[in-house]
Amino acid sequence: MKETKKEKKAKKPKIRSSTKAIILRGGKLLLQRCLFPGENEECYLFPGGGQKFGEPLSETLRREVLEEVGADVKVGRLVWIRDYISMNHEFNDEENVHQLEHYFLAELTSEPDPARVTHPDSVQVGTDWIDLKKVADLNLYPKQIRTRFNSEGWIDGELYAGDVN
């Protein structure tokens, strides 16, 4: 039996675009504390998520930070881009995931409020301010981004990181 166009389209791998917020204040970094199913150790991720069709990246970032952290942000400059191609990484449970992640500096315009969190990530168990002096040793994903922080904040460098973990 011949495949229909709809069936072919459903099988075609897709690239997902997402945004991530780097929120710094007073020598600390705001991160999501997460626990993946079957894991014993918590890890940290940057707030953010998937871009909707027709939505500018800046709007995606504002929406995602509000949904996951319960805070409003002013979106700053784009500082880092990475590919996440799941089959090349330790969390490769979905063989055809390819996500292009855009990391923006962002500034809080309202404080994080758990009562305003509407769509936390399924693995999210909290939101923490982490001292920048601890970032280098933190169980943070992607791991490569840890080298871009020092005790004062973000270190500028190459914009495109490639497919790194």
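Residues numbered from 1 in each chain as written. Predicted model: local features only at pLDDT ≥ 70, side-chain atom pairs only at ≥ 80, totals over all residues. Heavy atoms only, no water.

What to know about the overall build of the chain
So, point 1. Scanning the chain for helices and strands turns up two helices and 10 strands.
So, point 2. Listing every helix and strand of the chain by position from the N terminus yields α-β-β-β-β-α-β-β-β-β-β-β.
So, point 3. Scaling as 2.2 N^0.38, a compact globule of 165 residues should have a C-alpha radius of gyration of about 15 Å, and the chain matches this with 17 Å.
So, point 4. Counting only C-alpha atoms and orienting by the principal axes, one finds that the chain spans roughly 65 × 35 × 30 Å.
So, point 5. The proportion of buried residues among the 165 residues of the chain is 41%.
So, point 6. A fraction of 69% describes how many contacts in the chain between residues 6 or more apart in sequence connect residues 24 or more apart.
So, point 7. The distance from the centre of the 25 positive side-chain charges to the centre of the 28 negative ones in the chain is 6 Å. (Helix = DSSP H or I, 4+ residues; strand = E, 2+ residues; numbered from the N terminus. Rg over C-alpha atoms; globule rule 2.2 N^0.38 Å. Buried < 20%, exposed > 50% of the residue type's maximum accessible area, 1.4 Å probe, protein only. Contact = heavy atoms within 4.5 Å. Lys, Arg positive; Asp, Glu negative; His and termini not counted. Charge placed at Lys NZ, Arg CZ, Asp CG, Glu CD.)

Regarding the environment of Lys 28
So, point 1. In this structure, Lys 28 sits in strand S2 (residues 28–34).
So, point 2. Owing to a relative accessible area of 36%, Lys 28 belongs among the partly exposed residues under this scheme.
So, point 3. In this structure the C-alpha to C-alpha distance between Lys 28 and Ala 115, which are 87 residues apart in sequence, comes to 22 Å.
So, point 4. In this structure, Lys 28 is in contact with Ile 23, Trp 129, Ile 130, Asp 131 and Leu 132, ignoring residues within four places of it in sequence.

Things to note about helix H2 (residues 57–69)
So, point 1. Its 13 residues place the ends of H2 18 Å apart at the C-alpha level, agreeing with the 18 Å of an ideal helix rising 1.5 Å per residue.
So, point 2. Each element contacted by the buried residues of H2 is listed here: strand S1 (15–25), S2, strand S4 (48–50), strand S5 (73–85), strand S6 (98–108) and strand S7 (124–131). (Expected span 1.5 Å × (residues − 1).)

Quick word on the pattern of salt bridges
So, point 1. In the structure shown here, the tally under the stated rule is 10 salt bridges.
So, point 2. Asp 128 serves as the salt-bridge partner of Arg 33, at 2.7 Å between the closest nitrogen and oxygen. Taken together, the positions of Arg 33 in strand S2 and Asp 128 in strand S7 put the pair 95 residues apart, joining distant regions of the chain.
So, point 3. A salt bridge links Arg 62 to Glu 59, with the shortest nitrogen-to-oxygen separation between them at 2.5 Å. Residue Arg 62 and its partner Glu 59 are located together in helix H2, separated by three residues, close to a single helical turn.
So, point 4. Taking the relative accessible area as the measure of exposure, Arg 62 reaches 30% and is therefore partly exposed.
So, point 5. Overall, the relative accessible area of 36% leaves Glu 59 in the partly exposed class. (Salt bridge = Lys/Arg side-chain N within 4 Å of Asp/Glu carboxyl O.)

Focus: the nonpolar core
So, point 1. Judged by nonpolar contacts, the single largest core of 18 residues is most densely connected at Ile 22, Phe 46, Ile 145 and Phe 149.
So, point 2. Counting residues per element, the ones that place at least two in this core are S2, S5 and S6.
So, point 3. Ranked by size, the runner-up nonpolar core spans 12 residues in total, among them Leu 61, Val 65, Val 69 and Val 73. (Core = buried A, V, L, I, M, F, W, Y, C linked by side-chain atoms within 4.5 Å.)

So, the packing of aromatic side chains
So, point 1. Under the criterion given, the structure shown has four aromatic pairs.
So, point 2. Relative to Tyr 103, the ring of Phe 46 has its centre 5.5 Å away and its plane inclined at 85 degrees; by these criteria the two rings are edge-to-face. You can see Phe 46 sitting in the loop between strand S3 (43–45) and S4 and its partner Tyr 103 sitting in strand S6, a full 57 residues away along the chain. Summarising the burial analysis for this pair, Phe 46 and Tyr 103 share the class buried.
So, point 3. Ring geometry for Phe 149 and Trp 154: centres 5.2 Å apart, planes at 80 degrees, overall edge-to-face. Just as Phe 149 is buried, Trp 154 falls in that class too.
So, point 4. A connected cluster of aromatic rings, assembled from ring pairs, spans Phe 46, Trp 80, Tyr 103, Phe 149 and Trp 154. (Phe/Tyr/Trp six-rings, centres within 6.5 Å; stacked < 30°, edge-to-face > 60°.)

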